[in-house]
Amino acid sequence: MVEDKSNLSESEVDEIKSIFKELVESGERYDVDEIEFWFENEGSWKTRAPRIRIANLSNYIQDKYQQTAHLRIISDDDCSCGH
């Protein structure tokens, strides 16, 4: 998907964000450390900046989703308070 692994385009960044967003919205979880480890050992990603950017995007999307998930308003029917 990424044409130049030494420099991510904005459209590639948008696509990467979309992929991570789809993962977390579907209930999938991923380990950011494992993503970083994969890039370190994969071999064709020689430039560090794009690897860091992708790992940061994965972390940002996951954190953002978790924060908004905690802020969802629970309806009165789901409060388990007995009312």
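Calculation rules
- Residues numbered from 1 in each chain as written.
- Predicted model: local features only at pLDDT ≥ 70, side-chain atom pairs only at ≥ 80, totals over all residues.
- Heavy atoms only, no water.
- Patch = residues over 30% accessible without salt bridge, like charges linked within 9 Å, V, L, I, M, F, W, Y side chains within 5 Å.
- Areas by Shrake-Rupley, 256 points an atom, 1.4 Å probe, with all protein chains shown as cover.
- Salt bridge = Lys/Arg side-chain N within 4 Å of Asp/Glu carboxyl O.
- Helix = DSSP H or I, 4+ residues; strand = E, 2+ residues; numbered from the N terminus.
- Buried < 20%, exposed > 50% of the residue type's maximum accessible area, 1.4 Å probe, protein only.

**As for a nonpolar patch on the surface**
Part 1 of the argument: Taken together, Met1, Ile19 and Leu23 make up a surface patch of nonpolar side chains, about 270 Å² in accessible area.
Part 2 of the argument: On the secondary structure map, isoleucine 19 appears in helix α1 (residues 10–25).
Part 3 of the argument: Using a relative accessible area of 35% as the deciding quantity, one classes isoleucine 19 as partly exposed.

**Let's talk about the pattern of salt bridges**
Pairing between side chains of opposite charge can happen when the charged atoms of each approach one another.
Part 1 of the argument: Per the stated rule, a full pass over the model turns up three salt bridges.
Part 2 of the argument: Two residues, lysine 21 and glutamate 25, come together in a salt bridge whose shortest N-O distance is 3.9 Å. With lysine 21 and glutamate 25 both in helix α1 and four residues apart, the pair spans about one turn of that helix.
Part 3 of the argument: The class for lysine 21 is partly exposed, based on a relative accessible area of 45%.
Part 4 of the argument: Taking relative accessible area as the criterion, glutamate 25 reaches 48% and is therefore assigned partly exposed.
Part 5 of the argument: As a salt-bridge pair, glutamate 40 and arginine 51 come within 2.9 Å of each other at their nearest N and O atoms. Separated by eleven residues along the polypeptide, glutamate 40 in helix α2 (residues 32–42) and arginine 51 in helix α3 (residues 48–70) bring together distant segments of the chain.
Part 6 of the argument: Glutamate 40 sits in the partly exposed class, given a relative accessible area of 45%.
Part 7 of the argument: In this structure arginine 51 comes out as buried when scored by relative accessible area, which is 11%.
Part 8 of the argument: Three or more residues joined by partner-sharing salt bridges are found here, namely Glu40, Arg48 and Arg51.

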